[in-house]
Amino acid sequence: MATIGGGTGSFVVLSGLKNYEIDLNAIVAMTDSGGSTGKLRDQLGVLPPGDLRQALVALSEASDIWRKLFTYRFEAGDLKGHNFGNIFLSAIEKITNSNQEAIDRAADILQTVGRVTPITFDKCTLCAEYEDGSVIEGESNIDENERAGVHIKNLFLKPPANVNLEAKRVLERANALIFGPGDLYTSIIPNLLVSGVRETLQYVKAKKIFVVNLMTKVGQTESFKVSDFINELEKYLGEDSLNYVVVNSKKPPNELVSRYKDIDKALPVEDDLGGTYGRVRIIRADVLSDYAYTKSSSDDLKRSLIRHDPDKLAKILYKIIK
């Protein structure tokens, strides 16, 4: 089984499924350019370590101190805003001149129960073309774009990137592929833009499962309903590619919904489907986390408060996979 995405969404899925007897693989996008990751990428020339680190920590069974170390974010001094795990992965990559060895060494320390694999080793920039003809380059710039009412028309990589052959083998061997949750345009779809990925996914026999986001996002999925998420993913994945779609059935707390609406102009994703959508089977369940997330004071990036619950989601996904 393999997850395809990056960031917090993949962390949620992996941290839940690692408690089941499943051969876990995390396929991670290599276009992250924000925060600590972006600075290390630009200043050291390394591949972006942030999403790799999150996947490694999610799969870790090491003692709590190691997981805390790899998620520790400096709050003062020249290193303010930097994450120790990001620095660690970047340092090993520079020493060994190998991104994969850096991942493998970190996996040994963190005693991961699965494998983390970059979708590509090629350095590339995520670009978005909007309906008004404008183009924004850089994952973080796309992520932070908050122009209301203007949707993304097309995503592409500059320059084009080729699939990591090990990632291709993981996709070919997987019995299930999980897309999401996570930012549709900056975490999930970037994997599908890598040359060779879509072609591979067209012939693999794995169940393709999509976990729909809980909230819309201004500048990206503003006003999107469940059907819009499906249609947009299949635009890049291939028509009628998905087999299952997991949709949250529990409404988030009103106070948090109001906060999103007032501050981020975001709303809960509306479920506009019946029991099926074409060939896709819709699975509805309460997969909402009961706790709110608070971020470090040194973290400049926005972090979600309304999230999927790892255990609830894993239970649903395991039933589908088996």
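This text follows the structure it describes.
Chemist: Report on the pairing of strand β3 (residues 114-118), specifying residues and quantitative values.
Modeler: Every regular strand shows the same layout, with side chains that alternate between the two sheet faces. Burial within β3 is extensive, with 4 of its 5 residues counted as buried. As paired elements, strand β2 (residues 24-28) and β3 share 5 bridges and run parallel to each other. Bridging across to β3, Ile27 finds its partner in Thr117.

Chemist: How would you sum up the nonpolar core? Please name residues and give values.
Modeler: Among the nonpolar cores identified, the biggest contains 49 residues, and Leu177, Phe179, Phe210, Leu233 and Val245 are the most heavily contacted of them. Counting residues per element, this core draws most heavily on helix α11 (residues 226-237), which supplies 6 residues. Listed in part, the 42 residues of the second largest apolar core include Met30, Ala107, Val211 and Tyr244.

Chemist: An account of the environment of Val46 is needed here, citing residue identities and associated values.
Modeler: Relative to the helices and strands, Val46 is located in the loop between α2 (35-44) and α3 (50-58). According to the relative accessible area criterion, Val46 is buried, its value standing at 1%. Separated by 77 residues in the primary sequence, Val46 and Lys123 place their C-alpha atoms 8.6 Å from one another. Leaving out residues up to four positions away in the same chain, Val46 has contacts with Leu40, Arg41, Ser90, Glu93, Lys94 and Lys123.

Chemist: Please set out the environment of Pro48 residue by residue, giving values where relevant.
Modeler: Its location among the elements puts Pro48 in the loop between α2 and α3. You can call Pro48 buried: its relative accessible area is 2%. Measuring from C-alpha to C-alpha, the distance between Pro48 and Asn243 comes to 31 Å, with 195 residues separating the pair along the chain.

Chemist: Explain the packing of aromatic side chains to me, and be specific about the residues and the numbers.
Modeler: Going through the model one piece at a time under the given rule, you end up with 6 aromatic pairs. An angle of 90° between the planes, with centres 6.0 Å apart, marks the rings of Phe70 and Phe84 as edge-to-face. Taken together, the positions of Phe70 in helix α4 (residues 64-71) and Phe84 in helix α5 (residues 84-96) put the pair 14 residues apart, joining distant regions of the chain. Judged by relative accessible area, which is 1%, Phe70 ranks as buried. Cluster of aromatic residues (ring-pair linked, three or more members): Phe70, Phe84 and Phe88. In this structure, Arg147 is placed above the aromatic ring of Tyr130, and the distance from its NZ or CZ to the ring centre is 5.0 Å.

Chemist: Now, about the sheet that holds strand β6 (residues 152-158): what can you tell me, with residues and values included?
Modeler: The sheet built from 3 strands is open, its strands ordered β5-β4-β6 with antiparallel pairing. Pairing within the sheet leaves two strands with one partner each, and these edge strands are β5 (135-137) and β6. Between one strand and the next, the sheet's axes are offset by a mean angle of 20°, whatever the strand orientation. One ladder, built from 6 bridges, connects strand β4 (residues 125-130) with β6; its direction is antiparallel. Following the sheet pairing, Cys127 is matched in β6 by Phe156. Strands β4 and β6 of the sheet are contacted by helix α9 (residues 184-192), whose axis makes an angle of about 55° with β6.

Chemist: Which residues make up the packing of α4 against helix α6 (residues 99-110), and what values do they have?
Modeler: Their axes nearest at 10 Å, the elements α4 and α6 cross at an angle of 145°. Residues Trp66, Arg67 and Phe70 of α4 form the contact with α6, whose own contacting residues are Ala106, Ile109 and Leu110. Looking at the contact of α4 with α6, its residues break down into 5 nonpolar, no polar and 1 charged.

Chemist: How would you explain the side chain of Arg53 if you had to name every residue and give the values?
Modeler: Its place among the elements puts Arg53 in helix α3. For Arg53, the contacting residues outside a window of four places in its chain are Phe70, Thr71, Arg73, Asn83, Gly85, Asn86 and Leu89.

Chemist: I'd like a description of unusual backbone geometry, backed by residues and values.
Modeler: The residue after Lys158, namely Pro159, is reached through a cis peptide bond having omega -10°. Within the secondary structure, Pro159 sits in the loop between β6 and α8 (165-173). A cis amide bond links Gly180 with the next residue in sequence, Pro181, at an omega value of -5°. Inspection of the secondary structure puts Pro181 in the loop between β7 (176-179) and α9. Phi angles above zero are rare outside glycine, and Ser223 is one such case at about 70°. Within the secondary structure, Ser223 is located in the loop between β8 (207-211) and α11.

Calculation criteria
- Residues numbered from 1 in each chain as written.
- Predicted model: local features only at pLDDT ≥ 70, side-chain atom pairs only at ≥ 80, totals over all residues.
- Heavy atoms only, no water.
- Buried < 20%, exposed > 50% of the residue type's maximum accessible area, 1.4 Å probe, protein only.
- Helix = DSSP H or I, 4+ residues; strand = E, 2+ residues; numbered from the N terminus.
- Pairing = 2+ DSSP bridges.
- Core = buried A, V, L, I, M, F, W, Y, C linked by side-chain atoms within 4.5 Å.
- Contact = heavy atoms within 4.5 Å.
- Phe/Tyr/Trp six-rings, centres within 6.5 Å; stacked < 30°, edge-to-face > 60°.
- Lys NZ or Arg CZ within 6 Å of the ring centre and 35° of its normal.
- Axes fitted to C-alpha atoms, helices over the stretch in contact; angles between N-to-C directions.
- Nonpolar A, V, L, I, M, F, W, Y, C, P; charged D, E, K, R; others polar.

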